[in-house]
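Okay, here's what each chain looks like letter by letter:
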Amino acid sequence: MKRKEVAVRREEILLAALDQVRLRGIAGVRAADVAKDLGVSTALVFYHFGTLEALIIEAFRHAAERNLAVLRDELARPGPAGERLRAVLVLYGPTKPTAGWHLWIEAGAAAMRDTELRDVVQRLDLRWRDAVVSLITEGVAAGEFRCPDPYGAAWRLTALLDGLAVQFVARAGTVTADDCARWVGQALAHELGQAEPALTAEGR
């Protein structure tokens, strides 16, 4: 059978690694299990990524970049800053126990012991926060919001979502999707000097 293109094979390995992270957690991932899922040799996995640690970092980066592509589309969409901001917070938020948040929580925990992974997590996370800062700043300039500190507001809002995500995804049953949407809506209204907006739908 004709050998697959390198980019295609690498993506297959990355997706299989992400499946293993969801199933076993980062600490439980083994290259042998990734290879078994694909019906290839463990040597092939190491040929493409060198080490298990490098594979996990690249797998997380791959998943996060796909989320960020959706974020870029939302930022580029025409319309008032307020509408796009609420849409971005919905994408970011933990309103369903999605695979995306499971991966972020796993990566965040593992990053406490892995400086390379921590650097990747921080860079990708900052891109989400910078997007929120940008939208709030745009809304203030357009007269949509009354917010003297867009940077601080963005960090407070995303920090709230981070905390709710841990409760909603990692500690199932402590809060509901409706709780998350209501509390973030209240915080958003407070930060932007607006009437309370509705936030619903799925998070990253």
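Below or above, wherever it landed, is the structure these notes cover. (Residues numbered from 1 in each chain as written. Predicted model: local features only at pLDDT ≥ 70, side-chain atom pairs only at ≥ 80, totals over all residues. Heavy atoms only, no water.)

**Details of the environment of Ala172**
- Relative to the elements of secondary structure, Ala172 occurs in the loop between α8 (150-170) and α9 (177-192).
- When the C-alpha atoms of Ala172 and Leu157 are compared, they prove to be 21 Å apart, with 15 residues separating the residues in sequence. (Helix = DSSP H or I, 4+ residues; strand = E, 2+ residues; numbered from the N terminus.)

**Overview of the environment of Leu164**
- On the secondary structure map, Leu164 appears in helix α8.
- Placed 15 residues apart in sequence, Leu164 and Asp179 show a C-alpha to C-alpha distance of 9.2 Å.
- Among residues more than four places away in sequence, those in contact with Leu164 are Pro94, Val175, Cys180, Trp183 and Val184. (Contact = heavy atoms within 4.5 Å.)

**A closer look at the pattern of salt bridges**
- For the coordinates displayed, the defined rule picks out 12 salt bridges.
- Across the pair Glu58 and Arg61 runs a salt bridge whose closest N-O atoms are separated by 2.9 Å. Of the two residues, Glu58 and Arg61 are both situated in helix α4 (residues 52-76); the distance of 3 residues between them amounts to about one turn of the helix.
- Classification of Glu58 as partly exposed rests on a relative accessible area of 25%.
- Here Glu191 makes a salt bridge to Arg156, at a shortest N to O gap of 2.7 Å. Here Arg156 lies in helix α8 and Glu191 lies in helix α9, a separation of 35 residues in the sequence.
- Its relative accessible area of 13% is what places Glu191 among the buried residues.
- Relative accessible area serves as the criterion here: at 44%, Arg156 is assigned to the partly exposed category.
- A single salt-bridge network, built from bridges that share partners, covers Arg24, Arg30 and Asp33. (Salt bridge = Lys/Arg side-chain N within 4 Å of Asp/Glu carboxyl O. Buried < 20%, exposed > 50% of the residue type's maximum accessible area, 1.4 Å probe, protein only.)

**Things to note about the environment of Leu192**
- In this fold, Leu192 is placed in helix α9.
- Ignoring sequence-local partners within four residues, the contact set of Leu192 consists of Leu85, Ile136, Phe145, Arg146 and Cys147.

**Examining the packing of helix α2 (residues 31-38) against helix α3 (residues 42-49)**
- Between α2 and α3, whose axes approach to 8 Å, the crossing angle comes to 110°. Relative to α3, the element α2 lies roughly perpendicular. Within the contact between the two elements, α2 uses Ala31, Ala32, Val34 and Ala35 and α3 uses Thr42, Val45 and Phe46.
- For the contact of α2 with α3, a count of residues per class yields 6 nonpolar, 1 polar and no charged. (Axes fitted to C-alpha atoms, helices over the stretch in contact; angles between N-to-C directions. Parallel < 35°, antiparallel > 145°, perpendicular 65-115°, else oblique. Nonpolar A, V, L, I, M, F, W, Y, C, P; charged D, E, K, R; others polar.)

**Some points on the packing of aromatic side chains**
- Taken as a whole and judged by the stated rule, the model has 4 aromatic pairs.
- Centre to centre, the rings of Tyr92 and Trp101 are 5.9 Å apart; their planes meet at 75°, and the pair counts as edge-to-face.
- On the basis of relative accessible area, Tyr92 is assigned to the buried category, the value being 0%.
- On the basis of relative accessible area, Trp101 is assigned to the buried category, the value being 4%.
- Between Tyr151 and Trp155, the ring centres sit 6.1 Å apart and the planes meet at 40°, which makes this aromatic pair tilted. Pair noted here: Tyr151 and Trp155 are both in helix α8, with a separation of 4 residues, about one helical turn.
- What makes Trp155 partly exposed here is its relative accessible area of 33%.
- Geometry around Trp155 places Arg129 over its ring, the cationic atom sitting 4.7 Å from the centre. (Phe/Tyr/Trp six-rings, centres within 6.5 Å; stacked < 30°, edge-to-face > 60°. Lys NZ or Arg CZ within 6 Å of the ring centre and 35° of its normal.)

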